[in-house]
Amino acid sequence: MNIHSRDIDEKPDRDEAAEALKVLRKWAKGASEAEISQLDPAVARLVPGLMPDNYPSMSREYPEDFKVDEAYKSALPDLQNGPSSLIRGAKQQIQHVGISNFRLPIRFHSKNGPDLTLETSVTGTVSLEAEKKGINMSRIMRSFYKHAERTFSFEVMESALSDYLTDLDSFDARLQMRFSYPDRVKSLRSGLEGYQYYDIALELVEQGGVRQKIMHLDYVYSSTCPCSLELSEHARSVRGQLATPHSQRSVARISVVVDCDADCLWFEDLIALCRRAVPTETQVMVKREDEQAFAELNAANPIFVEDAARLFCAELLADHHVGDFRVVASHQESLHSHDAVSILTEGPTFASTSLDPRLFTTLFHVG
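Being a predicted model, the structure only gives us computed values, none of them experimental.

Scoring rules and cut-offs
- Residues numbered from 1 in each chain as written.
- Predicted model: local features only at pLDDT ≥ 70, side-chain atom pairs only at ≥ 80, totals over all residues.
- Heavy atoms only, no water.
- Helix = DSSP H or I, 4+ residues; strand = E, 2+ residues; numbered from the N terminus.
- Expected span 1.5 Å × (residues − 1).
- Polar contact = N/O pair within 3.5 Å; in protein donor to acceptor, adjacent residues only side chain to side chain.
- Phe/Tyr/Trp six-rings, centres within 6.5 Å; stacked < 30°, edge-to-face > 60°.
- Buried < 20%, exposed > 50% of the residue type's maximum accessible area, 1.4 Å probe, protein only.
- Salt bridge = Lys/Arg side-chain N within 4 Å of Asp/Glu carboxyl O.
- Patch = residues over 30% accessible without salt bridge, like charges linked within 9 Å, V, L, I, M, F, W, Y side chains within 5 Å.
- Areas by Shrake-Rupley, 256 points an atom, 1.4 Å probe, with all protein chains shown as cover.

Enquirer: Tell me about helix α1 (residues 14-30), residues and numbers included.
Expert: Over its 17 residues, α1 runs 25 Å from end to end, which matches the ideal 24 Å to within 8%, given 1.5 Å per residue. Capping the start of α1, D13 holds a side-chain oxygen 3.3 Å from the backbone nitrogen of D15, two or three residues further along.

Next up, the structure:
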């Protein structure tokens, strides 16, 4: 008589698997390591306190004396520089990939004084071809550090850019350095002096074999509304009613392509250009006579945000150091709950159909 067992190809359900696991664990608790290994070393993983006899013994102490030689380094896995078969997602070119906000002290020239060492935030990116998995991002830092001890200029930035373009075998690249630059300024009437700090960024871009040098400067000033000024004066003269025009802290971000054939465009030169365009720069050291002078200066230079953009534009057009440029202005209204903003561009470098949704919020300065 033939006895037919249950079809072994039939998939067990969860309850049957749970019951089998109980039986296996019960058996494993009373079995020797040899018996477990003979059946399947993986069974040991099902029982607390047991490990399979073929599981490697791992050291739990940091090997302070371990030295890495060239053979060991060459055997280390490097997934970022792996084959294109490891690419996840679309095999598409990435325009910029790299690192942002690594910081180090950098020396800068000043126009009329000694060199300054300033904490600098560096962003470095390169293009990535569609068939490449990734880049070794530490190479960007290493390329940059080789030049960091030198007094910085666009020329030294170019050396760093060339290095990591070569190291990473890329065709386009961008290097940007951001820092806060101090400039000593005098008060309007009292003779006091103090340091005004300017957010500046230097950018070097290579695209299609062409390099551009770009300087960005945030200039902070006071803007008195011309309409509010006239309405206040009307109330005073017609009704004898005391009234004050509204004014507010305002910010313009000036971005310029530096003409490589012209002489040096100093940070101080671009700052002075902004002061000529809009002289109501916020003050550092103020006594009563300075505060009165600032009120008079604002009354002599009332501006809408449209006026500010065009005043900066006029000065930039007249400067032979400057190629393409962009002016982004934000008047952070004391009358309204919203800001008044404007953007003016000259040339193709900064022309853009779309805007960063948070562009204007980055122009908020807290002092």
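Enquirer: Describe in detail the packing of aromatic side chains, supporting the description with residues and values.
Expert: Counted according to the given criterion, the structure contains nine aromatic pairs. Ring centres of Y219 and F312 lie 6.0 Å apart, and the angle between their planes is 85°; this geometry places the pair in the edge-to-face category. On the criterion of sequence distance, the pair formed by Y219 in strand β5 (residues 210-224) and F312 in helix α9 (residues 305-317) is long-range, its members being 93 residues apart. When sorted by exposure, Y219 lands in the same class as F312, which is buried. Ring centres 5.9 Å apart and planes at 65° place the aromatic pair Y221 and F312 in the edge-to-face group. Linking Y221 in strand β5 with F312 in helix α9, this pair joins segments that are 91 residues apart in sequence. The residues Y221 and F312 share a single accessibility class, namely buried. Counting every residue linked through ring pairs, the aromatic cluster contains F108, F179, Y181 and F267.

Enquirer: Which residues make up the pattern of salt bridges, and what are the values?
Expert: Any two side chains of opposite charge can pair if their charged atoms end up close together. Using the criterion set out here, one finds 17 salt bridges in the structure. The partner of E70 in a salt bridge is K73, with the nearest N and O atoms 3.0 Å apart. Highlighted residues: E70 and K73, both in helix α3 (residues 70-75), separated by three residues, approximately one helical turn. Since its relative accessible area comes to 56%, E70 is described here as exposed.

Enquirer: If you had to explain a nonpolar patch on the surface to someone new, which residues and values would you point to?
Expert: A cluster of nonpolar residues, F66, V68, Y72 and L76, forms a patch on the protein surface that exposes about 380 Å² of accessible area. Of note, V68 is situated in the loop between α2 (33-39) and α3. Look at V68 and you get partly exposed, because its relative accessible area is 48%.

Treat this as a map of the structure, not an account of what it does.
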